[in-house]
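A closer look at the structure
Okay, here's what each chain looks like letter by letter:
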Amino acid sequence: MSMQRSNWAGNYTYSATRFHYPETLEQVQEVVGQVSQLKVLGSGHSFNDIADSPQDMLSLERFNYEPVIDRNQHTLTVGAGVKYGQICQQLQREGYALPNLASLPHISIAGACATATHGSGERNGNLATAVAAMEIVKADGSVVVLSHAQNSEHFFGAVVSLGGIGVVTKLTLNLVPTFNMFQVVYENLPLKQLEKHFDEIEAQAYSVSLFTDWQKSEEINQVWLKHQHTAADNTPIEPKSDLFGATPAQTQRHPIARMSSAACTPQMGLVGPWYERLPHFRMDFTPSSGEELQSEYLVPRQHAITALYKVADLRPQIAPLLQICEVRTIAADDLWMSPCYQQARVAIHFTWKKNWEEVRRLLPVIEEQLAPLDAIPHWGKLFTMSAGQVQAAYPKLSDFQRLLHTYDPHGKFRNAFLDRYIY
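Small disclaimer: the values here were computed from a predicted structure and weren't measured. (Residues numbered from 1 in each chain as written. Predicted model: local features only at pLDDT ≥ 70, side-chain atom pairs only at ≥ 80, totals over all residues. Heavy atoms only, no water.)

**Side note on helix α10 (residues 397–407)**
- By the burial criterion, the buried members of α10 are Leu397, Phe400, Leu403, Leu404 and Tyr407. An end-on view of α10 places all buried positions within 115° of arc, on one side of the element.
- Its buried side turned inward, α10 meets β8 (143–147), α4 (152–158) and α9 (387–392). (Buried < 20%, exposed > 50% of the residue type's maximum accessible area, 1.4 Å probe, protein only. Helix = DSSP H or I, 4+ residues; strand = E, 2+ residues; numbered from the N terminus. Arc of directions from axis to C-beta. Contact = heavy atoms within 4.5 Å.)

**What about the pairing of strand β3 (residues 56–59)?**
- A two-sided burial pattern is seen for β3, the buried positions comprising Asp56 and Leu58 on one face and Met57 and Ser59 on the other.
- Bridging between strand β1 (residues 18–20) and β3 involves three bridges; their strand directions are parallel. Among the inter-strand pairings, phenylalanine 19 is bridged to a residue of β3, identified as methionine 57.
- As paired elements, strand β2 (residues 38–41) and β3 share four bridges and run parallel to each other. Considered in β3, the bridge of valine 40 is made with leucine 58. (Pairing = 2+ DSSP bridges.)

**With respect to the pattern of salt bridges**
- Taken as a whole, this structure holds 19 salt bridges when the rule is applied.
- One salt bridge connects arginine 5 with glutamate 61, and the closest N-O pair in it is separated by 3.8 Å. Of the two residues, arginine 5 sits in the segment before β1 while glutamate 61 sits in the loop between β3 and β4 (68–70), which places them 56 residues apart along the sequence.
- When its relative accessible area of 19% is taken as the criterion, arginine 5 is described as buried.
- With a closest N to O distance of 3.8 Å, lysine 216 and glutamate 219 form a salt bridge. (Salt bridge = Lys/Arg side-chain N within 4 Å of Asp/Glu carboxyl O.)

**Considering the packing of helix α5 (residues 191–202) against helix α6 (residues 304–313)**
- In contact at an axis separation of 10 Å, α5 and α6 are set at 160° when each is read in the N-to-C sense. Judged by the inter-axis angle, α5 sits roughly antiparallel to α6. Note on packing geometry: the crossing formed by α5 with α6 is left-handed. For the pair formed by α5 and α6, the contact residues are Leu191, Lys192, Leu194, Glu195 and Phe198 on the first element and Ala304, Ile305, Leu308 and Tyr309 on the second.
- Looking at the contact of α5 with α6 residue by residue, the class counts come to seven nonpolar, no polar and two charged. (Axes fitted to C-alpha atoms, helices over the stretch in contact; angles between N-to-C directions. Parallel < 35°, antiparallel > 145°, perpendicular 65-115°, else oblique. Left-handed = near helix turned anticlockwise from the far one by under 90°. Nonpolar A, V, L, I, M, F, W, Y, C, P; charged D, E, K, R; others polar.)

**Overview of the sheet that holds β1**
- Pairing is parallel in the open sheet, where three strands are placed in the order β1-β3-β2. Only two strands of the sheet have a single neighbouring strand rather than two, namely β1 and β2. Averaged over neighbouring strand pairs, the angle between their axes works out to 30° when direction is ignored.

**Digging into the layout of surface pockets**
- Approximately 240 Å³ is the volume attributed to the second largest pocket.
- Looking at the lining of the second largest pocket, the elements with two or more residues in it are β11 (180–190), β13 (219–229) and β17 (322–330).
- Counting residues per element, the lining of the second largest pocket draws most heavily on β17, at three residues.
- Grouping the constituent residues of the lining of the second largest pocket by class yields five nonpolar, five polar and five charged. (1 Å grid on protein atoms, 1.4 Å probe; cavity = no way out; pocket = protein on both sides within 12 Å on 5 of 7 lines; lining within 4 Å. Points joined across faces, edges and corners; volume = space filled by probe spheres on them.)

**Quick look at empty space enclosed by the protein**
- Per the counting criterion, the structure on display carries two cavities of 30 Å³ or more.
- In this model, the largest cavity occupies a volume close to 50 Å³.
- Lining the largest cavity are Asn100, Leu101, Ala102, Ser103, Gly119, Ser120, Ser207, Ser209, Lys226, Leu278, His280 and Arg328.
- Looking at the lining of the largest cavity residue by residue, the classes come out as three nonpolar, seven polar and two charged.
- Put simply, the second largest cavity is a space of about 30 Å³.

**Describing the packing of aromatic side chains**
- According to the stated counting rule, one finds 12 aromatic pairs in the structure shown.
- An angle of 70° between the planes, with centres 5.7 Å apart, marks the rings of phenylalanine 155 and phenylalanine 156 as edge-to-face.
- A residue is classified by how much of its surface remains accessible, and phenylalanine 155, at 1% relative accessible area, is buried.
- Consider the rings of phenylalanine 350 and tryptophan 352, whose centres lie 5.0 Å apart with planes at 10°: the pair is stacked. Per residue, the accessibility class of phenylalanine 350 equals that of tryptophan 352, and both read buried.
- Directly above the aromatic system of tyrosine 21 lies the positively charged group of arginine 62, at a separation of 4.3 Å from the ring centroid.
- Positioned over the ring face of tyrosine 423 is arginine 414, at 3.6 Å from the centre of the ring. (Phe/Tyr/Trp six-rings, centres within 6.5 Å; stacked < 30°, edge-to-face > 60°. Lys NZ or Arg CZ within 6 Å of the ring centre and 35° of its normal.)

**Some remarks on the side chain of aspartate 333**
- In this structure, aspartate 333 sits in the loop between β17 and β18 (345–352).
- Although buried, aspartate 333 forms no salt bridge, and the nearest oppositely charged side chain, arginine 345, lies 8.9 Å from it.
- Within the structure, the side chain of aspartate 333 is placed 2.7 Å from the side chain of serine 338, a separation counted as a polar contact.
- Apart from residues lying up to four places away in sequence, aspartate 333 is in contact with Asn126, Thr129, Ser338, Cys340, Tyr341 and Gln342. (Lys, Arg positive; Asp, Glu negative; His and termini not counted. Polar contact = N/O pair within 3.5 Å; in protein donor to acceptor, adjacent residues only side chain to side chain.)

**Focus: the environment of serine 161**
- Structurally, the position occupied by serine 161 is in the loop between α4 and β9 (167–174).
- We classify serine 161 as buried; its relative accessible area is 3%.
- With 239 residues separating them along the chain, serine 161 and phenylalanine 400 place their C-alpha atoms 8.6 Å apart.
- Ignoring any residue separated from it by four or fewer positions in sequence, one finds serine 161 in contact with Ala114 and Phe400.

Laid out in structure tokens, this is it:
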């Protein structure tokens, strides 16, 4: 099928001449066997060319596979094109939950895992850490299943694959028992207090997000605390009157102060199921193609405060281009191409106004400030760091290159992005 498509934000138009929408595993194998270059497109929430191909692209949004829950293994097996928001209610009905979700539930499961996209929480790994097994169509059209239990070495390299290993058609995710949560927002946290009490603040809740527009250098606008709730009583929870100088919001808030909070998940201490609190935005809210760009840099946890002060130093340059900045923690993991491979990190996420020329000039300035702190970018966001800088952050890079060659010896799933940053 020939057509032109852009990503969710509309800032990137894919160059492929043909798009394919297989509905079965056999149709995926047929497409893979017929083409010489191919990339898989998820929900289009990447902001760069990581998913692009000059020839053929494949979408699994029509892939016909019903989710299956295994009560013995406590897992969910799901088609790779499914979005998180499409499975959560089923999991809830069956008494299960996922341990973490991103801020937006509208992203595809396979795309999020392939790029190590994350939620928040100092004990929570990125979304890829929930993967227990994966079904892959290799470059020769054959099907292989990798699992944590049976293919441990290849498995740890394949989960965050950056789309280079083949077409992931199914994912098996580890589940946890369902749980309730409540969410409280605090406002105007002094930056000096954050410096003194960063670890205490991050330990306040199951998931913690800091938001600031950097209009003021001396404070963080909002702190979102997402708490687990174990009591049987679902009476709204009254927040503490003070969080290291920050005070509870008196009404529901959007991270961007000027925007309506109607799209946001319930706050104000209201108790509800995990999937209605872990994301920032409601599942029944469909985000339009956004007037925004996104960048994100991850620094080792111990450098968090230093990194924030370096960003604050650039406030006069950042604030005019910024919609909002979010700061989150992510636990260490063992996935080769995860930014958190064997190291907990803090993510500093920038949602920019849609002004690429100005943002493009600013990103190298931010990257230069953060480079001494071993900052690395999110794979699917906008960045200008050199390939050498990116590659130096991944000690398993050569193993990953060999793994890709094993599964795709002729580079059918390579593209310009992988050529730059992996090869």
